[in-house]
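Coordinate analysis (summary)
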Amino acid sequence: MSGGWNPCVALTTHLGARPHWSEELSTFVPGGLPSGMLVAGAARGSLSLGAALRDGALAGRDAAGAAGFDGGEPAIPLADDEPVAVTPLWHVAESRGKAFVDFQNDVTADDTALAAREGFRSVEHLKRYTTLGMATDQGKTSNINGQAIMAALTGRAIPAMGTTVARPPYTPVAIGALAGPHRGRSFRPVRLTSGHAWAAERGAVFGEAGQWLRARWFAEEGEADWLATVTREVRSVRSRVGICDVSTLGKIDVQGPEAGVFLDRVYANTMSTLPPGKARYGLMLREDGFAMDDGTVARLGQDRFIVSTTTANAAKVMQHLEFCRQVLWPGLDVRMASVTEQWAQYSVAGPRSRELLRRLFADAVDVSNDTLPFLACREFVWRAIATRLFRISFSGELAYEIAVPARYGDAVVRVLMAAGAELGIVPYGTEALGVMRIEKGHVAGNELNGQTTAGDLGLGAMMSKKKDFIGRVLAGRPGLTAPDRPRLVGIKPVDRSLRIGSGAHFLEAGAAATLESDLGYITSTAFSPMLGQWIGLGLLAHGPERHGERVRAYDPIRGRDTEVEICAPAFFDPEGARLHA
Amino acid sequence: MPDLPNLAERSAFAGRIRRVGPDPAGIRVAERPELGLATLLARRETGPELGELVLARYGIALPQGPFRVRAQGTAFMGIGPGAWLVAMDGGSALIADLAATLVGCACVSDQSDGLGVLRVEGPRIRETLAKGLPIDLHSVSFGRDSVAVTIAAHIGLTIWSVDGRSDAEPAYEIAVSRSLAGAFYRWLEDSGAEYGLSHD
């Protein structure tokens, strides 16, 4: 089968331009061209030697000119234009034998005729009904003949049929060439903290938090499983002192005389009243009134705040703040820069944490309770490096966070461990951190799941009544303030020996397991070393009014149906005595 | 009081750069751990004043666009409207001076530890970078003192063209976030290995 001389028009059609029919050559030639593309020689139907050479020389001159060069007029080689003439014979219609039109997809002339009879007469329908031109050659060996046969069958001229566009790649490309180095562990980049090497040496088991690797726990010799390890870490932190790498949490440097005004608008609670040298927990809402992210804001100076975000939302919050600054309030005198990577940050938590810092920092800073009370923050120089200290706590213990420039991140974690050796220091990972925050009823990603409001989370009091802020208005919608919305509670299995799991749904005793009976669900669970049993946080309809009552935690996936008691989401040290020690 | 070890510094690319591939190497790589780096963000309506202060203190006309201007060991790179990346040969200790000079006029954030910078050069560096960067690195499009904020292998980076040996042997400096230094270096090594990669 021959289709005559067909210029390679495929590349010119990848961006959607259609070729033109040349009656003289009985073939398609390039039509509209993508910007920046020139076509020369046989590719555009200049089939003779002389014409091709002329085309090429002139196209080269034009391309050089477009790129800013002047090559002058090119010398065009002398060559004869041998005669070129084509008369097509598309199809011997009288033949009885099978005549293939598309060799790749096995489409015959008869298939084309069937398509015409079935009403699939347009070139796009012909293609999809028969798969003509859909193989890896994208019609290079088949389109012209298929279209010519269809044109003859339907009594139309070929140009009236139109043509399909070819899809890239022009020639088959191995998937491996497109994947390049992105295979296996390198499929996506991995982000490591400056403390990573030390944690790996300590035998940490790492988990993914977005692109980051974070240590989940640090197993010691002889421990039966991760639960034993994590339980030990929690007991050690709550009785002595532990350190945890929290470098991955977003840190945003917000500067300017109107930084306080800006932060008041993006946080539900007030930040402009924060005195320099203090930090405050903050909740950001989305414009639709749902909780977006929580974190702490530390004021280091009159015009300088450090905003912290969760690890998962660091980029999203930065984007949100930039949108607010650039689009919503471009007149505000405030700028922000991400400094997540600039600082290595470690939490130091437990009853012996102050003693550890006293030993570590010596005269560089006074860490006594009077000078550095709960929520205070300080900048100082320690051993010639700029250091920041924040007295904040996610674990509910007496705790601090130390920030040092990231080049010292590796050295500082080692120095902390050395300084704390006599005090029984342990490293702890994200699992132990999770257990402790659940024991204290602090909400985290499981609760800040994009479907909960400040009120649902028991944080309704944070929503200021004295200022406007993003999310204020839509948070007041009836659906978001309905009294039967599932709200945050603590839960404990009535039988202390039983285990509960997140995702279990709450049902009344005796109720059928149906959506109509659904009262909410468990968001977080942990084995509490302090209570010696499994505990959880969950969202339950009328939850805060039902403390002391019992419901079921229905968990068909794990085959459990557990009676649980509803309680306040504060299982350990509810007065916060350790926090303020 | 226990005897505490000294506080050692660890640069973003520490321990990563090694020789691979054919010799002589087509690309040479060296880290620039000594640089002081900062983001400089103009506060609203202080454009002319900021330019005057920078000119007076550093002898530099602040670039308005994706360009680099350098004088006496300090370079300002345009990375966006009213935004610059500043690189100081004298190190991170100079960033405080920069902030003090421009107080009231611009916001300065130290990024000396947040970014890692590599100097890359050699006869095959363009082919190597072209495997991942979507920008045109030809000397006509990205000549000396051009700056681009772009990506390679899903990793955000800032690249600027510095003084190479010639048009055929250009040199660039590339800044990436510290946490991604390892991933970026793996891509660079993967891409340059066929040409030979050596430590400068």
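The coordinates are above.
Just so it is clear, the structure is predicted and the values come from calculations on it, not from any experiment.

1. Details of the overall build of chain A
- For chain A, the helix and strand inventory stands at 15 helices and 23 strands.
- Expected size for 581 residues packed as a compact globule is a radius of gyration near 25 Å; at 35 Å, chain A overshoots this value by more than 25%.
- Taken across its 581 residues, chain A has 50% of its residues classed as buried.
- When contacts within chain A are restricted to residue pairs at least 6 apart in sequence, those whose partners lie at least 24 apart make up 65%.
- When the accessible area of chain A is evaluated, it comes to approximately 26,400 Å², of which 55% is carbon and sulfur surface.
- Here chain A carries 62 positive and 63 negative side-chain charges, and the mean point of each set is 5 Å from the other.

2. Digging into the overall build of chain B
- Within chain B, the regular secondary structure consists of 4 helices and 11 strands.
- Expected size for 200 residues packed as a compact globule is a radius of gyration near 16 Å; at 18 Å, chain B falls within 12% of this value.
- In terms of principal-axis extent, the alpha carbons of chain B reach across some 60 × 50 × 30 Å.
- By residue count, 55% of the 200 residues in chain B fall in the buried class.
- For chain B, the proportion of contacts with a sequence separation of at least 24, taken over those separated by at least 6, is 64%.
- Of the roughly 8,500 Å² of accessible surface on chain B, 50% is carried by carbon and sulfur atoms.
- Where the 19 positive side-chain charges of chain B centre and where its 24 negative ones centre are 3 Å apart.

3. Re the packing of aromatic side chains
- Overall, the coordinates contain 13 aromatic pairs over all chains when judged by the stated rule.
- Plain terms: the ring middles of Phe361(A) and Phe380(A) are 5.2 Å apart, the flat faces sit at 80° to each other, and that makes the pair edge-to-face. Residue Phe361(A) is found in helix H12 (residues 353-361), and its partner Phe380(A) is found in strand S14 (residues 377-382); the two are separated by 19 residues along the sequence.
- Overall, Phe361(A) belongs to the buried group, its relative accessible area being 2%.
- Classification of Phe380(A) by relative accessible area gives buried; the value is 10%.
- Every member of this aromatic cluster is reached through a ring pair, and the members are Phe361(A), Phe380(A) and Trp382(A).
- If you follow Arg265(A) out to its NZ or CZ, it ends over the ring of Trp329(A), 5.2 Å from the centre.
- The side chain of Arg57(B) reaches across the aromatic face of Tyr58(B), ending 4.9 Å from its centre.

4. Digging into empty space enclosed by the protein
- Evaluated as defined, the whole model comprises 4 cavities of 30 Å³ or more.
- In this model, the largest cavity occupies a volume close to 140 Å³.
- Of all elements in the fold, only helix H8 (196-201), strand S6 (212-218) and strand S7 (241-245) of chain A reach the threshold of two or more residues within the lining of the largest cavity.
- A per-class count over the lining of the largest cavity returns 10 nonpolar, 6 polar and 2 charged.
- Size it by volume and the second largest cavity reaches roughly 50 Å³.
- Every residue lining the second largest cavity is listed: Arg32(B), Leu35(B), Arg68(B), Arg70(B), Ala75(B), Met77(B), Ala87(B), Asp89(B), Trp160(B) and Glu173(B).
- Every element with two or more residues in the lining of the second largest cavity is listed here: strand S3 (68-71) and strand S4 (74-80) of chain B.
- Class assignment of the residues belonging to the lining of the second largest cavity gives a composition of 5 nonpolar, no polar and 5 charged.

5. With respect to the interface of chain B and chain A
- In this assembly, 37 residues from chain B lie in contact with 42 residues from chain A.
- Counting the surface lost from both chain B and chain A, the interface buries some 3,300 Å², and carbon and sulfur atoms represent 54% of this.
- Remark: the boundary between chain B and chain A carries 3 salt bridges.
- One salt bridge in this structure joins Arg43(B) and Asp333(A), with 2.6 Å as the shortest N-O distance.
- Where chain B packs against chain A, one counts 17 residue pairs in polar contact (both at pLDDT 80 or more).
- Breaking the side of chain B that touches chain A down by element, the ones donating at least two residues are strand S2 (36-42), strand S6 (106-110) and helix H4 (181-192) of chain B.
- Across the side of chain B that touches chain A, the residue classes tally to 17 nonpolar, 11 polar and 9 charged.

6. Observations regarding the sheet that holds S7(A)
All names here are of chain A.
- As summarised here, the arrangement of the 6 strands in space is S14-S15-S16-S13-S7-S17, forming an open sheet in which the pairing is mixed. Both outer strands of the open sheet, S14 and strand S17 (425-427), are each paired with one neighbouring strand and no more. Across the sheet, the axes of successive neighbouring strands diverge by a mean angle of 25°, strand direction being ignored.
- Pairing between strand S15 (residues 385-390) and strand S16 (residues 399-405): 3 bridges, direction antiparallel. Bridge assignment links Leu-389 to a residue of S16, and that residue is Ile-402.
- Running at roughly 30° to S16, H12 makes contact with S7, strand S13 (343-349), S14, S15, S16 and S17 of the sheet.

7. A look at the nonpolar core
Residues and elements named next belong to chain A.
- Formed by 37 residues in total, the largest nonpolar core has its most connected members in Phe-361, Trp-382, Leu-389, Ile-402 and Leu-416.
- Per-element accounting of this core gives the leading share, 7 residues, to helix H13 (residues 409-420).
- In this view, Ile-402 contacts Ala-344, Gln-345, Tyr-346, Val-348, Leu-357, Leu-360, Phe-361, Thr-387, Arg-388, Leu-389 and Leu-416; residues no more than four positions away in its chain are not counted.
- Residues Val-246, Ala-349, Ala-399 and Ala-454 belong to the second largest nonpolar core, which totals 33 residues.

8. Things to note about the pattern of salt bridges
Residues and elements named next belong to chain A.
- Evaluation of the coordinates by the stated rule reveals 50 salt bridges over all chains.
- Two residues, Glu-447 and Arg-437, come together in a salt bridge whose shortest N-O distance is 2.9 Å. Of this pair, Glu-447 sits in the loop between helix H14 (430-439) and helix H15 (478-481) while Arg-437 sits in helix H14, and the two are 10 residues apart along the sequence. Taken individually, Glu-447 and Arg-437 each receive the classification buried, so the pair is uniform in this respect.
- Lys-440 is the salt-bridge partner of Asp-573, the closest N and O atoms lying 3.8 Å from each other. Of this pair, Asp-573 sits in the segment after strand S23 (560-567) while Lys-440 sits in the loop between H14 and H15, placing them 133 residues apart in sequence.

9. Some remarks on the side chain of Glu341(A)
- If you trace the backbone, Glu341(A) turns up in the loop between strand S12 (335-338) and S13.
- A polar side-chain atom of Glu341(A) sits 2.7 Å from a polar atom in the side chain of Arg191(A).
- When near neighbours in sequence (up to four residues on either side) are disregarded, Glu341(A) contacts Arg191(A), Trp212(A), Ala406(A), Asp113(B), Gly114(B), Ser177(B), Arg178(B) and Ser179(B).

10. What about the sheet that holds strand S10 (residues 171-177) of chain B?
Residues and elements named next belong to chain B.
- If you walk across this open sheet you meet the 6 strands as S8-S9-S10-S7-S1-S11, and the pairing is mixed. Pairing within the sheet leaves two strands with one partner each, and these edge strands are strand S8 (147-152) and strand S11 (197-199). Averaged over all adjacent pairs, the angle separating strand axes in this sheet is 30°, with direction ignored.
- Here strand S1 (residues 27-31) pairs with S11 via 3 bridges, running parallel. From the neighbouring strand, Val-29 faces S11, where its bridge partner is His-199.

Criteria and cut-off values
- Residues numbered from 1 in each chain as written.
- Chains lettered and ligands numbered in written order.
- Predicted model: local features only at pLDDT ≥ 70, side-chain atom pairs only at ≥ 80, totals over all residues.
- Heavy atoms only, no water.
- Helix = DSSP H or I, 4+ residues; strand = E, 2+ residues; numbered from the N terminus.
- Rg over C-alpha atoms; globule rule 2.2 N^0.38 Å.
- Buried < 20%, exposed > 50% of the residue type's maximum accessible area, 1.4 Å probe, protein only.
- Contact = heavy atoms within 4.5 Å.
- Areas by Shrake-Rupley, 256 points an atom, 1.4 Å probe, with all protein chains shown as cover.
- Lys, Arg positive; Asp, Glu negative; His and termini not counted.
- Charge placed at Lys NZ, Arg CZ, Asp CG, Glu CD.
- Phe/Tyr/Trp six-rings, centres within 6.5 Å; stacked < 30°, edge-to-face > 60°.
- Lys NZ or Arg CZ within 6 Å of the ring centre and 35° of its normal.
- 1 Å grid on protein atoms, 1.4 Å probe; cavity = no way out; pocket = protein on both sides within 12 Å on 5 of 7 lines; lining within 4 Å.
- Points joined across faces, edges and corners; volume = space filled by probe spheres on them.
- Nonpolar A, V, L, I, M, F, W, Y, C, P; charged D, E, K, R; others polar.
- Buried area = accessible area lost by both parts, 1.4 Å probe.
- Salt bridge = Lys/Arg side-chain N within 4 Å of Asp/Glu carboxyl O.
- Polar contact = N/O pair within 3.5 Å; in protein donor to acceptor, adjacent residues only side chain to side chain.
- Pairing = 2+ DSSP bridges.
- Axes fitted to C-alpha atoms, helices over the stretch in contact; angles between N-to-C directions.
- Core = buried A, V, L, I, M, F, W, Y, C linked by side-chain atoms within 4.5 Å.

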